[in-house]
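A structural walkthrough
Residues per chain are reported as follows:
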Amino acid sequence: YPVEWAVTSTYRSILLLLLDFYFTRGFASRLFRERDKMDKVIKTAEHIADSLSKFDLAQAESVLNTSELPEPMHDAFSRILDNLRSYRPYLPEALFSELTITKECEVPAPGLISQRVAMVFTDIQGSTATWEACPDGMKEGLRVHNKVMRECAVAWNGYEVKTIGDAFMVAFERTCDAVSFSLSVQEGLVRATWPSDLLQLDHCAYDDDGPWCGLRVRIGIHCGEVDIQL
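Residues numbered from 1 in each chain as written. Predicted model: local features only at pLDDT ≥ 70, side-chain atom pairs only at ≥ 80, totals over all residues. Heavy atoms only, no water.

A look at a nonpolar patch on the surface
Let me state the cut-off plainly: Patch definition: residues above 30% relative accessible area lacking any salt bridge, with like charges linked at up to 9 Å and the nonpolar side chains Val, Leu, Ile, Met, Phe, Trp and Tyr linked at up to 5 Å. Note on areas: Shrake-Rupley, 1.4 Å probe, and residue coverage restricted to the protein chains presented here. The salt bridge definition used is simple: a Lys or Arg side-chain nitrogen within 4 Å of an Asp or Glu carboxyl oxygen. Secondary structure is summarised from DSSP: a helix means a run of H or I of at least four residues, a strand means a run of E of at least two, and numbering begins at the N terminus for each.
There is a patch of nonpolar side chains on the surface, built from Val179, Leu183 and Ile221 and spanning about 240 Å² of accessible area. Within the secondary structure, Ile221 is located in strand 4 (residues 217–225).

Laid out in structure tokens, this is it:
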């Protein structure tokens, strides 16, 4: 009897191990499938987000319509696409290109001669609210703004690195040129002719204390060494 009991116990243990392996293997297989599915969702979402960041709406829509995303994520991307299509007529063309170079003059990229450059970053104050309150005036106002920016960049040997929406990134070989550019921009914006409906807004109206007139632009300058990567 002890031998028979031992054999029976051994068989029982082996059977339990086999059952445990079977069910555990099934659980692990499902876990790996879910992980692979989640990885696919993440890669698809990254692809759509990258296309949206470049305003490639056609590519983003194509990926969205041919992929299987969770419903909340699919709905969120769909709403973003609808909003971008609605705002498309009012957005600057510079927003739809990856790089805008100053074409008015042959200014070499700073940093090729010296590693120390002055980088200027600009941004329109309250641009989102202005687009919502006065889209037609803002559309024309942005053209005025961009004209002033590029004329001043040419005058002070600035290299237009890129634009992101209404923001400019301009590089200068000399710090004094960067400062002169910034001052010229502010003077040019005050002297510029702005759309009348844009000047009706409180944050765009003429201000005797400024003096300011039209779009308000913040400008920051950073000086230092750069690592050139082409």
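Picking up where we left off.
Things to note about the packing of aromatic side chains
Put simply, the rule reads: Any pair of Phe, Tyr and Trp rings, taking the six-membered ring for Trp, is counted once the centres come within 6.5 Å. Such a pair is stacked with planes under 30 degrees apart, edge-to-face with planes over 60 apart, and tilted for the rest. Relative accessibility decides the category of a residue: with a 1.4 Å probe and only protein chains considered, values under 20% of the type maximum give buried, values over 50% give exposed, and everything between is partly exposed.
Scanning the model with the defined rule gives one aromatic pair in all. Judged by centre distance (5.2 Å) and plane angle (45°), the ring pair of Phe172 and Phe181 falls under tilted. Phe181 sits in the buried class, given a relative accessible area of 0%.

Quick look at the side chain of Thr122
Operational definition: We call two residues contacting when some pair of their heavy atoms lies within 4.5 Å.
Its location among the elements puts Thr122 in strand 1 (residues 116–124). With sequence-adjacent residues up to four places away left out, Thr122 is seen in contact with Met149, Asp166, Ala167, Phe168, Val217, Arg218 and Ile219.

Here's the deal with the side chain of His145
Here His145 lies in helix 5 (residues 135–155). Relative accessible area serves as the criterion here: at 0%, His145 is assigned to the buried category. With residues up to four places along the chain from it excluded, the contact list for His145 reads Ile124, Asp166, Phe168, Leu189, Trp194, Leu215 and Val217.

A word on the pairing of strand 3 (residues 167–172)
Convention followed: Pairs of strands are assigned from DSSP output, requiring at least two bridges between the strands.
Across the six residues of strand 3, six count as buried, placing the element largely inside the fold. The alternating pattern of strand 3 places Ala167, Met169 and Ala171 on one face and Phe168, Val170 and Phe172 on the opposite face, and all of these are buried. With four bridges joining them, strand 1 and strand 3 adopt antiparallel strand pairing. In the sheet register, Met119 faces strand 3, and the bridge partner there is Ala171. Relative to strand 3, strand 2 (residues 159–164) runs antiparallel, the two being bridged by five bridges. Bridge pairing in strand 3 links Glu160 to Val170. Following strand 2, the chain reverses through two residues before pairing antiparallel with strand 3; Gly165 in that reversal takes a positive phi of roughly 70°.

Re the environment of Leu199
Within the secondary structure layout, Leu199 lies in the loop between helix 6 (175–191) and strand 4. Taking the C-alpha atoms as reference, Leu199 lies 7.7 Å from Cys213; in sequence the two are 14 residues apart. Apart from the residues within four sequence positions on either side, Leu199 is in contact with Trp194, Cys204, Ala205, Cys213 and Gly214.

A word on the confidence of the model for the protein chain
Applicable threshold: Think of pLDDT as the predictor's per-residue confidence, scored from 0 to 100.
Here the protein chain averages 79 in pLDDT, and 72% of its residues register 70 or above. Within the protein chain, helix 6 carries the highest mean pLDDT (94), whereas helix 1 (residues 2–53) carries the lowest (66). Across residues 1–7, where pLDDT falls below 50, the model places zero contacts with residues more than four positions away in sequence or in other chains. pLDDT under 50 marks residues 97–105. Its contacts with residues more than four places away, or in other chains, come to 20 contacts.

Things to note about the sheet that holds strand 1
Rules: To get an axis, fit a line to the C-alpha atoms, keeping to the stretch in contact for a helix; angles then go from 0 to 180 degrees between the N-to-C directions.
The strand order 2-3-1-4 describes an open sheet built from four strands, whose pairing is antiparallel. Sheet topology places strand 2 and strand 4 at the edges, where each strand pairs with a single neighbour. The sheet shows a mean angle of 20° between the axes of neighbouring strands, taken without regard to direction. Packed on one face of the sheet, helix 5 meets strand 1, strand 2, strand 3 and strand 4 and runs near 0° to strand 3.

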